[in-house]
Amino acid sequence: MAQPKQLHLTAFMRPVSLHTGAWRYPGAYPDANFNLKHLVSFIQKLEEAKFDAFFMADHLAVLNMPVEALKRSHTVTSFEPFTLLSALAMVTSKIGLAATASTTYDEAYHIARRFASLDHISGGRAAWNIVTTGNPESAKNFNLDEHVEHSERYKRAREFYDVVTGLWDSFADDAFVRDPESGVYVDPEKMHVLNHRGAELKVRGPLNIARPIQGWPVIVQAGQSEPGRQLAAETAEAVFCSPRDLNAAKDLYADIKDRVTAAGRNKDHLKILPAAMIIVGDSVEDAQAKRLKLDSGVHYDSGIASLSIALGTDASGFDPDGPLPEDMPATNASHTARESVERLAKAEGLTVRQLAQRLGGYSGLAFVGTPESIADEMGTWLEEGGCDGFTVVMPFLPQGLNDVADRLVPELQRRGLFRKEYEGTTLREHLGLPRPKNKFFE
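Residues numbered from 1 in each chain as written. Predicted model: local features only at pLDDT ≥ 70, side-chain atom pairs only at ≥ 80, totals over all residues. Heavy atoms only, no water.

(A) Quick peek at the environment of Leu 97. Summarising the element assignment, Leu 97 is placed in strand S3 (residues 96-102). Note on Leu 97: relative accessible area 0%, which makes it buried. A C-alpha to C-alpha distance of 27 Å links Leu 97 and Glu 442, two positions 345 residues apart in sequence. (Helix = DSSP H or I, 4+ residues; strand = E, 2+ residues; numbered from the N terminus. Buried < 20%, exposed > 50% of the residue type's maximum accessible area, 1.4 Å probe, protein only.)

Structure below.
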């Protein structure tokens, strides 16, 4: 009999919650994003729950937002990913460690060396989230006045991938003889000098570290744009994305999987993992009340700016505690965005204040309900071709994470939708991905 499909679950943990009001939730740790003791407890809880990976995003600048919003944001400060994940590797043994690293503002040799090191330190649990860095403020921290143009960033990213993976293959798996009798430490016949000279990069090599335990760390990609989808199809083994609902997810899933096949790859060797915030309650109403409480942590001044952008008109004059006006001024901005907000307001009976807090907090996909109702939804997404699993966004920590680990995961396990034990030790084994062959020695 065919093995039933199971979900893959990774945890998006930088910031520890994407919700702007998470740090203000009653009982939450306000400093969770920058407190090693807390982060150790989080990753150990996730490993106990058998999550595939701990996924750490990164930014190379303080986010470009108005100062009134910035002063209320818990994203201002965080650890550098490799430093943190190397520390977390020492207090875990199975969970994957995924780090974001930019192809726009870093060098390929640095990236290759850091990920190879993390893979060895962790015993084969590293993953590289390839990003091209969209924040224009980052350019000013790297000797540039203007941000690199979008298409140019993706051209560099594609070449960057080729160079990094080529560097990981600098040595055959058995290149390091280490024979005290003969005095031979490394076989030079099993060392490859890359000598890459391309349009964007010039890298000699070889990498001065043995081939990673996984062959290559797992490749993760997060873009949903046209070039992002194509880069994912050609290179990625996991895709982090943010579809708004199941129908949009199915379209995205089918499109990327078709591109994978067209690129000559096995579509099962790429896992699509939409982001979803999960709020667990004793009842659906209890979970919804938690969501409203969480949203209330978003300051109105910040939220109303987000709502105004979504509506394409200044909402600051609307009655905060009344419904969205029926006669809003016409807009030249996105009609789709406005219609989406109007549908949300009617579906949940939200006031202008609650809408502003929702838009300013976290407006992406969310599963809000009981362990049973959330497991129903997640199972439907898996069965109907909307995902291979989810990148779980915690609502607030520690309790929101504990609810997922202690209440939702057991329900998924009871239904056979999620593993009860790790079957391997590397992230590739968790995700069911093959170990890549060495380009130069196999």
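(B) Summary view of the layout of surface pockets. Roughly 900 Å³ of volume is contained in the second largest pocket. Forming the walls of the second largest pocket are 26 residues, and the residues nearest its centre are Leu 344, Glu 348, Arg 358, Ser 363 and Gly 364. When residues of the lining of the second largest pocket are traced back to their parent elements, those giving at least two are helix H8 (284-295), helix H10 (335-348), helix H11 (352-361), strand S10 (366-369) and helix H12 (371-383). When residues of the lining of the second largest pocket are assigned to their parent elements, the largest contribution, 7 residues, is made by H10. (1 Å grid on protein atoms, 1.4 Å probe; cavity = no way out; pocket = protein on both sides within 12 Å on 5 of 7 lines; lining within 4 Å. Points joined across faces, edges and corners; volume = space filled by probe spheres on them.)

(C) Here's a closer look at the pattern of salt bridges. Considering all chains together, one arrives at 26 salt bridges under this definition. Here Asp 174 and Lys 190 are joined by a salt bridge, their closest N and O atoms 2.8 Å apart. With Asp 174 in the loop between helix H5 (150-168) and strand S5 (196-197) and Lys 190 in the loop between H5 and S5, the pair connects residues that are 16 residues apart, well separated along the chain. Assessed through its relative accessible area of 46%, Asp 174 is described here as partly exposed. Asp 282 is the salt-bridge partner of Arg 407, the closest N and O atoms lying 2.9 Å from each other. With Arg 407 in helix H13 (residues 399-414) and Asp 282 in the loop between strand S9 (271-280) and H8, the pair connects residues that are 125 residues apart, well separated along the chain. The class for Arg 407 is partly exposed, based on a relative accessible area of 28%. Connected via shared salt-bridge partners are Asp 169, Asp 173, Arg 211 and Arg 435. (Salt bridge = Lys/Arg side-chain N within 4 Å of Asp/Glu carboxyl O.)

(D) Representation of a nonpolar patch on the surface. There is a patch of nonpolar side chains on the surface, built from Met 90, Val 91 and Ile 121 and spanning about 270 Å² of accessible area. You can call Val 91 partly exposed: its relative accessible area is 32%. (Patch = residues over 30% accessible without salt bridge, like charges linked within 9 Å, V, L, I, M, F, W, Y side chains within 5 Å. Areas by Shrake-Rupley, 256 points an atom, 1.4 Å probe, with all protein chains shown as cover.)

(E) Just the nonpolar core, in detail. With 72 residues, the main nonpolar core has Phe 51 and Phe 390 as its most contacted residues. Not counting residues within four places of it along the chain, the set of residues in contact with Phe 390 comprises Leu 7, His 8, Leu 9, Thr 10, Leu 273, Pro 274, Ala 276, Leu 365, Phe 367, Met 378 and Trp 381. By size, the runner-up hydrophobic cluster in this structure holds 25 residues, among which are Ala 57, Ala 238, Leu 273 and Ile 279. (Core = buried A, V, L, I, M, F, W, Y, C linked by side-chain atoms within 4.5 Å. Contact = heavy atoms within 4.5 Å.)

(F) Layout of the packing of helix H9 (residues 300-311) against H10. Axis separation between H9 and H10 bottoms out at 7 Å; the angle between their running directions is 120°. In terms of orientation, H9 and H10 fall into the oblique class. When H9 is examined against H10, the residues Leu 307, Ala 310 and Leu 311 are found in contact with a partner set consisting of Ala 337, Arg 338 and Val 341. A class-by-class count of the residues in the contact of H9 with H10 yields 5 nonpolar, no polar and 1 charged. (Axes fitted to C-alpha atoms, helices over the stretch in contact; angles between N-to-C directions. Parallel < 35°, antiparallel > 145°, perpendicular 65-115°, else oblique. Nonpolar A, V, L, I, M, F, W, Y, C, P; charged D, E, K, R; others polar.)

(G) Structural view of helix H1 (residues 36-48). Over its 13 residues, H1 runs 18 Å from end to end, which matches the ideal 18 Å to within 8%, given 1.5 Å per residue. For H1, the elements touching its buried residues are strand S1 (8-12), strand S2 (53-56), helix H3 (81-89), S3 and H13. Sitting at the head of H1, Asn 35 places a side-chain oxygen 3.1 Å from the backbone nitrogen of Lys 37. In the stretch just after H1, Lys 50 is the one whose phi turns positive, near 70°. (Expected span 1.5 Å × (residues − 1). Polar contact = N/O pair within 3.5 Å; in protein donor to acceptor, adjacent residues only side chain to side chain.)

(H) View of the pairing of S3. By the criterion of burial, S3 is predominantly enclosed, with 7 of the 7 residues buried. Of the strand pairs in this sheet, S2 and S3 are connected by 4 bridges, and their pairing is parallel. Looking at S3, one finds that Phe 54 is bridged to Leu 97. Handedness of the crossover is the feature at issue here: the chain leaves S3, passes through helix H4 (residues 108-122), returns alongside strand S4 (residues 126-131), and the resulting connection is right-handed. (Pairing = 2+ DSSP bridges. Right-handed = clockwise from strand over helix to strand, strands pointing away.)

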